[in-house]
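Structural features, examined
One letter stands for each residue in the lines below.
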Amino acid sequence: MIPERVTLVEVGPRDGLQNEAQLIPTAQKIELVNRLQAAGCREIEVTSFVSPKWVPQMADNAELMAGIARRPGVRFSALTPNLKGLEAALAAGADEVVVFAAATEAFSRRNINCSIEESIARFAPVVQAAHAAGVKVRGAISCTLGCPYQGAVSPDEVERVVVLMKGIGVDHCGIADTLGTGTPRAAQAVMERALKHYPLAEVSGHFHDTYGQALANILACLQLGIASFDASVAGLGGCPYAKGATGNVATEDVVFMLHGMGIETGIALDALVDAAAYISGVLGRAPVARVSRALLARRAAAQEVR
Ligand code: HMG
Ligand code: MG
């Protein structure tokens, strides 16, 4: 059942950087994206077309997309909560767009200022317009394994949103553990609900490592045959509306685990570590990724010997 090849969607430039308090210059974001492409990332969630008042860090969305030296075969996606966002994303050349709902009413209100039903009604024309433009729509469901406002979340609550997403024609179902409190059996339980409505190829996992469970949860998903995961270079990120949620699982950690299991990703780990070191330098801190820390320490030790 374990897949031989896994697709990693690199979400660092969006999900990672959206949470940074200091405004990162667009040129440095572009450099990060170019390095990620060079490392072999083929799916990159680069930015969000959301209200700049809500998420100021993503206000340079169009400028960022225009500045990337796009390599053939790399798909760029962006978050689009409404038609205004979709129109701007299409004009900027997004290959894929993401509509994002929550499994709980409380998180939906804090994140996108409306109820779950209202969010679905708002996404319906976004999906239609994206499809009319030949653009695929991924759906992300936040807080599927715990919510900072509600607490525990049941698989029934998650399935309800999966069904609503499916009903408006969303092509792909991303299950997110925004809070990072999920554990492997719980992760499998929600994935099984998503798999009742979406084919294996259109279900993905998005795990935060706040409680150190992300790799275990990814392994549990691999055991169900799931072959697509979001990950964030250097472990960047969190969510501005989920206090206490630290980074997304680090791409380097996921790549190390997958390659160790003989699973292909198409990503060159050393070049990915370079990208992690680059953005960490910009942010003035060490990468959160365990693998980057270990490999950078090994590189430093080798330098000393020379
Ligand atoms: P609202 O205030 O209810 O909407 O926000 P509104 O329609 O009344 O608009 C308010 C203002 O925003 C207006 O401007 C609009 O023009 C503008 P004003 O007239 O006041 O000057 N506006 C926009 N501007 C640019 N692009 C747009 C856009 N839409 C409206 N697309 C809204 C509703 C959804 C817009 C707002 O709540 C919002 O932008 N939220 C974004 C939240 C967000 O990006 N959160 C982080 C991403 S989700 C996440 O991190 C979780 C996930 O990664 C999974 C995980 O990590 O676990 C997916
Ligand atoms: Mg995230």
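Here, the structure is the one placed above.
Let me sum up the structure you'll find in this document. (Residues numbered from 1 in each chain as written. Chains lettered and ligands numbered in written order. Predicted model: local features only at pLDDT ≥ 70, side-chain atom pairs only at ≥ 80, totals over all residues. Heavy atoms only, no water.)

**Re the coordination of the magnesium ion (ligand 2)**
Note the cut-off: Each metal site is built from N, O and S donor atoms within 2.8 Å (3.2 Å for Na, K and Ca), and since water is not included, such sites may look incomplete. Comment: elements are numbered from the N terminus, with helices defined as DSSP H or I runs of at least four residues and strands as E runs of at least two. Note on classification: 1.4 Å probe, protein chains only; a residue is buried when its accessible area is under 20% of the maximum for its type, exposed when over 50%, partly exposed between these limits.
Surrounding the magnesium ion (ligand 2) are the protein donor atoms Asp15 (OD), His206 (NE2), His208 (NE2) and Asn248 (OD1), which sit 1.8 to 2.2 Å from the metal. Donor residues for the magnesium ion (ligand 2) sit on one chain with the sequence pattern D-x190-H-x1-H-x39-N. Of this pair, aspartate 15 sits in helix 1 (residues 12-16) while histidine 208 sits in the loop between strand 7 (203-207) and helix 9 (214-222), placing them 193 residues apart in sequence. Looking at histidine 208, the relative accessible area reads 2%, which means it is buried.

**A short note on the site of ligand 1**
Here is the rule: If a single non-hydrogen atom of a residue is within 4 Å of a molecule or strand, that residue counts as near it. Polar contact criterion, stated in full: a pair of N or O atoms within 3.5 Å, where within protein one must be able to donate a hydrogen and the other to accept it, and residues adjacent in sequence count only if both atoms are side-chain atoms. Surface accessibility follows the Shrake-Rupley procedure with a 1.4 Å probe radius. Residue values consider only the protein chains on display as shielding.
Residues in close proximity to ligand 1 total 28 residues, the closest being Arg14, Lys53, Asn82, Asn113 and Thr178. Within the side chain of asparagine 111, an N or O atom sits 2.8 Å from a nitrogen atom of ligand 1. Here threonine 178 contributes a side-chain N or O atom positioned 2.7 Å from an oxygen atom of ligand 1. Taken by itself ligand 1 offers 1100 Å² of open surface, and the protein chains cover 75% of this. Only helix 1, helix 4 (83-92), helix 5 (105-112) and strand 5 (136-142) provide two or more residues apiece to the shell around ligand 1.

**Here we look at helix 9**
Here is the rule we go by: Contact definition: two residues touch when any of their heavy atoms are within 4.5 Å.
Among the residues making up helix 9, those that are buried are Ala214, Asn217, Ile218, Ala220, Cys221 and Leu222. Of the surrounding secondary structure, the elements contacted by the buried residues of helix 9 are strand 6 (172-177), helix 8 (184-195), strand 7, strand 8 (228-231) and helix 10 (251-260).

**Some points on the environment of valine 55**
Along the chain, valine 55 falls in the loop between strand 2 (43-48) and helix 3 (61-67). Each C-alpha atom of the pair valine 55 and glutamine 18 lies 6.8 Å from the other, and the pair is 37 residues apart in sequence.

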